[in-house]
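# Report on the structure
Each chain is listed here by its residues.
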Amino acid sequence: MNLEFYKYQGTGNDFVMIDNRTKIFPKEKTDIISHLCDRHFGIGADGVILIENDKEFDFKMIYFNADGSQTFCGNGGRCAVAFAKYLNIIDSKTKFIAIDGKHFAEIENDIVSLKMIDVDEIKIQENSVFAYTGTQHHVEMVDNLDHFPVFEKGRKIRYSYANPGSNVNFVQQINNSTFRVRTYEKGVEDETLACGTGVTAVAIAMHKTNKTNSNSISLPVEGGNLEVSFSENNGVYTNVFLKGPAKFVFSGKIQI
Ligand SMILES: N[C@H](CCC[C@H](N)C(=O)O)C(=O)O
């Protein structure tokens with residue numbers, strides 16, 4: 001079968017986007033997902049995103065990690081909004097549904113501001129914080145991110161969590177409201193250039209542990225800059241927004 005695809009990236013977190021409103025994609029074949037993500041034998045991406053019709057929302061977004069596992073994806077959600085606008089499914093505002101629930105988003109030029117789920121599952125651990133922001137995230141502060149062994153240390157921590165494990169974010173504080181992040185992603189099983197649900201977990205963890213008193217955080221990542229803002233009441237984080245660029249890269253057809 002000849003499959004039409006669109007490649008998008010959000011601060012370097014990159015995705016194969018498929019317009020699956022006619023349900024042509026064989027979702028059950030996770031080997032196809034891995035093939036599409038393969039950077040030598042396929043298109044190359046951190047994950048695959050399907051856009052489908054939905055009775056109640058503008059569209060449904062389905063995210064697959066490169067290994068075929070499904071979770072929510074913040075940067076992917078921002079790219080899904082940009083792709084939905086390209087497909088004329090939406091204009092500048094949207095409500096869509098994903099595996100972790102409903103999301104509101106706005107797009108202006110290439111910048112997408114995505115409302116994340118409320119975050120109330122936050123565990124302060126010995127030298128780290130765990131938070132659920134649509135998927136599992138471990139957050140740990142380090143001194144020198146430039147020379148930190150993200151893959152080796154990230155992989156170890158990722159598997160130290162009970163199945164399905166956790167994504168792992170290493171953080172260096174730059175100033176009161178700026179935190180640099182590098183992330184090892186489960187399901188990709190490598191460091192990615194950015195992780196939207198990850199920087200969301202970092203921003204909230206830094207506020208929760210009083211490393212910042214700001215509710216608008218800048219998060220420079222390997223692939224660019226992201227912003228996270230939120231409200232906090234009695235330890236529950238609401239009005240959580242992830243903002244940053246989401247860009248079309250190329251389109252094509254691939255035999256699957
Ligand atoms: N890159 C994604 C995170 C995907 C999470 C996935 N790696 C998992 O939890 O298995 C993001 O921007 O939020």
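Residues numbered from 1 in each chain as written. Predicted model: local features only at pLDDT ≥ 70, side-chain atom pairs only at ≥ 80, totals over all residues. Heavy atoms only, no water.

As annotated in an unreviewed UniProt entry, the chain carries the name Diaminopimelate epimerase and is attributed to Polaribacter aquimarinus. According to the UniProt record, the Subunit (unreviewed entry) comment for the chain is "Homodimer." The record held by UniProt for the chain lists under Catalytic activity (unreviewed entry) the comment "(2S,6S)-2,6-diaminopimelate = meso-2,6-diaminopimelate". (UniProt positions renumbered as here; feature names shortened; annotations may be inferred.)

## Side note on the domain arrangement of the chain
Here the chain is partitioned into domain 1 (2-113 + 246-255) and domain 2 (122-243). Each of domain 1 and domain 2 has a C-alpha centre, and these two points are 23 Å apart. Each side of the interface is counted separately: domain 1 has 21 residues, and domain 2 has 21 residues. Summed over both sides, the interface between domain 1 and domain 2 buries roughly 1400 Å², with carbon and sulfur atoms accounting for 57% of that surface. Summed over the shared surface of domain 1 and domain 2, the result is zero salt bridges. On the surface where domain 1 and domain 2 come into contact, there are four residue pairs in polar contact (both at pLDDT 80 or more). Put simply, the parts of the chain that give the side of domain 1 that touches domain 2 at least two residues each are β4 (59-65), α2 (74-86) and β7 (111-115). Of the residues belonging to the side of domain 1 that touches domain 2, the class tally is seven nonpolar, ten polar and four charged. (Domains from an automatic or database assignment. Contact = heavy atoms within 4.5 Å. Buried area = accessible area lost by both parts, 1.4 Å probe. Salt bridge = Lys/Arg side-chain N within 4 Å of Asp/Glu carboxyl O. Polar contact = N/O pair within 3.5 Å; in protein donor to acceptor, adjacent residues only side chain to side chain. Helix = DSSP H or I, 4+ residues; strand = E, 2+ residues; numbered from the N terminus. Nonpolar A, V, L, I, M, F, W, Y, C, P; charged D, E, K, R; others polar.)

## Things to note about the confidence of the model for the chain
Mean pLDDT over the chain works out to 97, with 100% of the residues at or above the 70 mark. Reported confidence for the predicted complex is 0.91 by ipTM and 0.98 by pTM. (pLDDT = per-residue confidence, 0-100.)

## Examining the UniProt feature "active site" (unreviewed entry) in the chain
On the UniProt side, "active site" (unreviewed entry) is annotated at positions that read C73 and C195 here. The greatest C-alpha distance among the annotated residues, which extend across 123 residues, is 7.9 Å, indicating that they converge on a single site. Lining of the largest cavity among the annotated residues: C73 and C195. Note on placement: C73 falls in the loop between β4 and α2. The exposure class of C73 is buried, given its relative accessible area of 6%. Those residues within four positions of C73 in sequence are excluded, and the remaining contacts are F15, M61, Y63 and T197. Following the sequence through the fold, C195 ends up in the loop between β13 (190-192) and α4 (196-208). The contacts of C195, once residues within four sequence positions are left out, are N13, N75, H137, T183 and E185. (1 Å grid on protein atoms, 1.4 Å probe; cavity = no way out; pocket = protein on both sides within 12 Å on 5 of 7 lines; lining within 4 Å. Buried < 20%, exposed > 50% of the residue type's maximum accessible area, 1.4 Å probe, protein only.)

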